[in-house]
Amino acid sequence: VEGDCEDSYTLVRTWTAQDNCGNTATSQQTITVIDATEPVFANVPADETVECDAIPTEPTDISATDNCDDDVEITFEETRTNGECEDAYNLVRTWTAADNCGNTATAQQIITINDSTEPVLANIPADVTLGCNDPLPTGTAGVSATDNCDNDVEITVENIDQAGDGDCAAEGSILRTFTATDNCGNMATGVQVITILDDTAP
């Protein structure tokens, strides 16, 4: 007698005894079969912490066995919980196994994703010596930065004046500092030294 699901049903076993003259007697056994056991997962990956450019792909070897169902259905869901910056967050991966009678088991992996790698600056201008009336370079043109996660690294430049050692106020140097900052505040700096000389006679 079928029940609510494939692995829950009732078996009625009937024995009939008959003698030579056709007299009969019957006896019955009723077996109620239920499936109340949830599936069991295998090969669930452990929690881990990774850099933002090393996020593992969804594993393909996760399986589930069941006491009655030989073909357990497994579904997958991934949710993201944002952290303090764009490239630092948590991924919660959840697998749900369901057997023929709706018994379910869940397994989770929590992946903590960090960004602790600073950008890499390139094309920092070489140090240069200028006369005191020469125009100073400005802006960040030509300077570039790459990052393991941020595809649009912000680059800023700051000029810091340093007075010369002698009596000539027109001479000295400028530290032209380039700073690359990624989405999570990791920074890299590069410096161009501009030496200012006054070597022109009146």
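The preceding data block contains the structure.
Going along each chain's sequence as written, the residues are numbered from 1 onward. Where local features are concerned, this predicted model is filtered to residues with pLDDT of at least 70; where side-chain atom pairs are given and counted, the filter is 80 or more; whole-chain, interface and lining totals use all residues. By convention in this description, side-chain values take in all heavy atoms of the structure and omit both hydrogens and water.

What is the right way to read the pairing of strand E9 (residues 104–114) from this model?
The side chains of a regular strand alternate, residue by residue, between the two faces of the sheet. Where burial is concerned, the two faces of E9 differ: the one with Ala105, Ala107, Gln109, Ile111 and Ile113 is buried and the one with Thr104, Thr106, Gln108, Ile110, Thr112 and Asn114 is not. Across four bridges, strand E5 (residues 48–51) lies against E9 in parallel orientation. Note on E9: the bridge partner recorded for Thr49 is Thr112. Whether two strands pair depends on DSSP finding at least two bridges between them. Numbering of helices and strands runs from the N terminus, with a helix taken as a DSSP run of H or I at least four residues long and a strand as a DSSP run of E at least two residues long. Here strand E8 (residues 88–98) pairs with E9 via 10 bridges, running antiparallel. By the bridge assignment for E9, Arg93 is matched with Gln109. From the end of E8 to the start of E9, which pair antiparallel, there are five residues, and Gly102 there has a positive phi angle of about 80 degrees. Each residue's exposure class comes from its accessible area (1.4 Å probe, protein chains only) as a fraction of the maximum for that residue type: buried when under 20%, exposed when over 50%, partly exposed otherwise.

What is the right way to look at the packing of aromatic side chains in this model?
The description of an aromatic ring pair uses the distance of the two centres, along with the angle that the planes make with each other. Stacked, tilted and edge-to-face pairs are distinguished by plane angle, under 30 degrees for stacked and over 60 for edge-to-face with tilted covering the rest, among Phe, Tyr and Trp rings (Trp via its six-membered ring) whose centres lie within 6.5 Å. Tallying each qualifying case throughout the model produces one aromatic pair. Their ring planes at 45 degrees and their centres at 5.3 Å tell us that Phe76 and Trp95 sit as a pair that is tilted. On the criterion of sequence distance, the pair formed by Phe76 in strand E7 (residues 73–85) and Trp95 in strand E8 is long-range, its members being 19 residues apart. Take Phe76: its relative accessible area is 31%, and that puts it in the partly exposed class. Take Trp95: its relative accessible area is 2%, and that puts it in the buried class. Its guanidinium or amino end placed over the ring of Tyr89, Arg80 lies 3.6 Å from that ring's centre, counting from NZ or CZ. Any Lys NZ or Arg CZ found within 6 Å of a ring centre and within 35 degrees of that ring's normal is scored as a charge over the ring.

Help me understand the nonpolar core, please; the structure alone is not making it clear to me.
It is characteristic of soluble globular proteins that their nonpolar side chains tend to be buried jointly. What makes a nonpolar core is a set of buried Ala, Val, Leu, Ile, Met, Phe, Trp, Tyr and Cys residues whose side-chain atoms join them at distances within 4.5 Å. Within the largest apolar cluster, eight residues are counted, these being Phe41, Ile62, Ala64, Val72, Trp95, Ala97, Ala105 and Ala107. Elements with a contribution of two residues or more to this core: E8 and E9. Contacts between residues were defined by any pair of non-hydrogen atoms, one from each residue, lying within 4.5 Å. Those residues within four positions of Phe41 in sequence are excluded, and the remaining contacts are Ile62, Ser63, Ala64, Ile74, Trp95, Thr96, Ala97, Ala105, Thr106 and Ala107.

Just checking my understanding: could you explain the sheet that holds strand E2 (residues 8–18) for this structure?
Picture the strands of a sheet paired through backbone hydrogen bonds; they go either parallel or antiparallel. A sheet is described by the order of its strands in space; here three strands give the open sequence E1-E2-E3, paired in antiparallel fashion. A strand with exactly one partner marks an edge of an open sheet, and here the two such strands are strand E1 (2–5) and strand E3 (24–33). Going across the sheet, the axis of each strand differs from the next one's by a mean of 15 degrees, ignoring polarity. Where E1 meets E2, two bridges bridge the pair, whose relative direction is antiparallel. Paired with Glu2 across the two strands is Tyr9, which belongs to E2. In this analysis an axis means a line fitted to C-alpha atoms, helices contributing only their contacting stretch, and an angle means the value between N-to-C directions, from 0 to 180 degrees.

Looking at this structure, I do not really get the side chain of Asp7. What am I missing?
Topologically, Asp7 is positioned in the loop between E1 and E2. In this tally, Lys and Arg are treated as positive and Asp and Glu as negative; His is ignored, and so are the chain termini. One speaks of a salt bridge when a side-chain nitrogen belonging to Lys or Arg is within 4 Å of a carboxyl oxygen belonging to Asp or Glu. Although Asp7 is buried, it forms no salt bridge, and the closest oppositely charged side chain is Arg13 at an N-O distance of 14 Å. Those residues in contact with Asp7, other than ones at most four positions away along the chain, are Val33, Ile34, Asp35, Cys68, Asp69, Asn100 and Cys101.

Before we go on, may I ask you to explain the state of the cysteines in this structure?
A covalent bond between the sulfur atoms of two cysteines is referred to as a disulfide. Any pair of cysteine sulfurs within 2.5 Å is marked as a disulfide. If you walk through the whole model with that rule in mind, you get three disulfides. Across the disulfide, Cys5 is cross-linked to Cys101 (sulfur-sulfur distance 1.9 Å). Between Cys5 and Cys101, the S-S torsion sits near 85 degrees, and that sign places the bridge as right-handed. Remark: Cys101 occurs in the loop between E8 and E9 and Cys5 occurs in strand E1; sequence separation between them is 96 residues. The disulfide partner of Cys85 is Cys184, and the gap between their sulfur atoms is 1.9 Å. Sign of the S-S torsion, about 85 degrees for the bond between Cys85 and Cys184, identifies this disulfide as right-handed. With Cys85 in strand E7 and Cys184 in the loop between strand E14 (172–181) and strand E15 (187–197), this pair connects stretches of sequence that are 99 residues apart.

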